[in-house]
Amino acid sequence: MKNPPDARTSEHATASTTPESDRPMNQDDLTSQLAELHPACWAWALVCCKRDPHEAEDVLQDAYIKLMTGRARFEGRSSFKTFLFSVVRTTAYERRRKRMKRSLLLGEWFGPSERAAASSTPAPQPHLVDGSRQRALVLDALSTLSDRQREILELVFYHDLSIEEAASVLDMKLGTARTHYARGKKRMLEILDLSLIHI
């Protein structure tokens, strides 16, 4: 007689080929899941890194290392995709915080002339994956939103997560996530309507 499914994971259980169950995820399962979700994960890393492809690549590499070495471990309390996106976002935040600390230290170590020289070097500009006018309008509209509004819209519309799953990735309460989602969507529609009028 089969044992009943664990209540914690039955909600996210899928086909038998999906390694989201009570047993620990082994390296083969993990590698397979990462390969399958890599395109979506790359797109999410770009969102977390303000569309900077070089930073997104570094973030994704660090996130995968965390997973492969066991520093971040999937315990089946959500879908693997939700868990993976959460790891990527946390990793991006950690890298930003380290850069901020390094900038503060450099500001203490170097004088005004050195800081001015460093700031005069132009930062690399992110490239649009699709040069179409429509995609450019959407990206421009997204860039005007708050970070939380932009992130939750990206997760729901581009990565097919529910608002509840997006809330888990962003580590926020469900009610707060719904508020950001509604406000962000309303603002996007307003901006896109104005943009289309002026085309």
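Please refer to the structure higher up on the page.
Being a predicted model, the structure only gives us computed values, none of them experimental. (Residues numbered from 1 in each chain as written. Predicted model: local features only at pLDDT ≥ 70, side-chain atom pairs only at ≥ 80, totals over all residues. Heavy atoms only, no water.)

> Tell me about the overall build of the protein, and name the residues and values.
When helices and strands are tallied, the protein shows eight helices and zero strands. Each helix and strand of the protein, ordered N terminal to C terminal, gives the series α-α-α-α-α-α-α-α. Looking at the protein as a whole, 36% of its 199 residues qualify as buried. Here the protein has roughly 13000 Å² of accessible surface; of this, 55% comes from carbon and sulfur atoms. (Helix = DSSP H or I, 4+ residues; strand = E, 2+ residues; numbered from the N terminus. Buried < 20%, exposed > 50% of the residue type's maximum accessible area, 1.4 Å probe, protein only. Areas by Shrake-Rupley, 256 points an atom, 1.4 Å probe, with all protein chains shown as cover.)

> I'd like to hear about the environment of Leu67, residue by residue, with values.
Tracing the sequence through the fold places Leu67 in helix α2 (residues 53-69). A relative accessible area of 5% means that Leu67 is categorised as buried. For the pair Leu67 and Leu30, spaced 37 residues apart in the sequence, the C-alpha separation amounts to 8.1 Å. Apart from residues no more than four positions distant in its own chain, Leu67 is found in contact with Leu30, Leu34, Ala72, Phe83, Leu84 and Val87. (Contact = heavy atoms within 4.5 Å.)

> Before we move on, can you summarise helix α1 (residues 27-48) with the specific residues and values?
Compared with an ideal rise of 1.5 Å per residue, which puts 22 residues at 32 Å, α1 spans 26 Å between its outermost C-alpha atoms and falls more than 12% short. The sharpest bend along α1 comes to roughly 60 degrees, located at His38, with the proline Pro39 sitting one to four residues further on. Along α1, the positions that sit buried rather than exposed are Asp29, Leu30, Gln33, Leu34, Leu37, Cys41, Trp44, Ala45, Leu46, Val47 and Cys48. By the N-cap criterion, in which a side-chain oxygen at the helix start approaches the backbone nitrogen of a residue two or three places on, α1 is capped by Asn26, the distance to Asp28 being 3.1 Å. Note on α1: the residue one or two positions beyond its end, Lys50, has a positive phi of about 55 degrees. (Expected span 1.5 Å × (residues − 1). Bend = angle between axes of the 7 residues up to and from the residue. Polar contact = N/O pair within 3.5 Å; in protein donor to acceptor, adjacent residues only side chain to side chain.)

> Before we move on, could you go through the pattern of salt bridges and cite the residues and values that matter?
For the coordinates displayed, the defined rule picks out ten salt bridges. For Glu94, the salt bridge goes to Lys66, with nearest N and O atoms at 2.7 Å. Within this pair, whereas Glu94 is found in helix α3 (residues 80-109), its partner Lys66 is found in helix α2, the two being separated by 28 residues in sequence. According to the relative accessible area criterion, Lys66 is buried, its value standing at 10%. (Salt bridge = Lys/Arg side-chain N within 4 Å of Asp/Glu carboxyl O.)

> Kindly report on the nonpolar core, identifying the contributing residues and their values.
For soluble globular proteins, nonpolar side chains are generally found buried alongside one another. In this structure, Trp44, Leu67, Phe80, Leu84, Val88 and Leu155 are the most contacted members of the largest nonpolar core, which totals 45 residues. For this core, the elements supplying multiple residues, two or more each, are α1, α2, α3, α5 (133-143), α6 (147-158), α7 (163-170) and α8 (174-197). When near neighbours in sequence (up to four residues on either side) are disregarded, Leu84 contacts Leu34, Leu37, Cys41, Tyr64 and Leu67. (Core = buried A, V, L, I, M, F, W, Y, C linked by side-chain atoms within 4.5 Å.)

> Please provide a residue-by-residue account of the packing of aromatic side chains, values included.
Evaluated as defined, the whole model comprises five aromatic pairs. Taken together, a centroid distance of 5.7 Å and an interplanar angle of 10 degrees make the contact between Trp44 and Phe85 stacked. With Trp44 in helix α1 and Phe85 in helix α3, the pair connects residues that are 41 residues apart, well separated along the chain. Assigned by exposure class, Trp44 and Phe85 land together as buried. Plain terms: the ring middles of Phe157 and Tyr181 are 6.0 Å apart, the flat faces sit at 20 degrees to each other, and that makes the pair stacked. Of this pair, Phe157 sits in helix α6 while Tyr181 sits in helix α8; the two residues are 24 residues apart in sequence, bridging distant segments of the chain. For Phe157, a relative accessible area of 47% gives the class partly exposed. Every member of this aromatic cluster is reached through a ring pair, and the members are Phe74, Phe80 and Phe83. (Phe/Tyr/Trp six-rings, centres within 6.5 Å; stacked < 30°, edge-to-face > 60°.)

> Quick rundown of the packing of α6 against α7? Include the residues and the values.
Two packed helices can be described by the angle between their axes and the distance between those axes. Where α6 meets α7, the closest approach of the two axes is 9 Å, and the angle between their N-to-C directions is 130 degrees. When the interaxial angle is binned, α6 and α7 end up oblique. The chirality of how α6 crosses α7 is right-handed. Counted together, Arg148, Glu151, Ile152, Leu155 and Val156 of α6 and Ile163, Ala166, Val169 and Leu170 of α7 form the full contact between these two elements. (Axes fitted to C-alpha atoms, helices over the stretch in contact; angles between N-to-C directions. Parallel < 35°, antiparallel > 145°, perpendicular 65-115°, else oblique. Left-handed = near helix turned anticlockwise from the far one by under 90°.)

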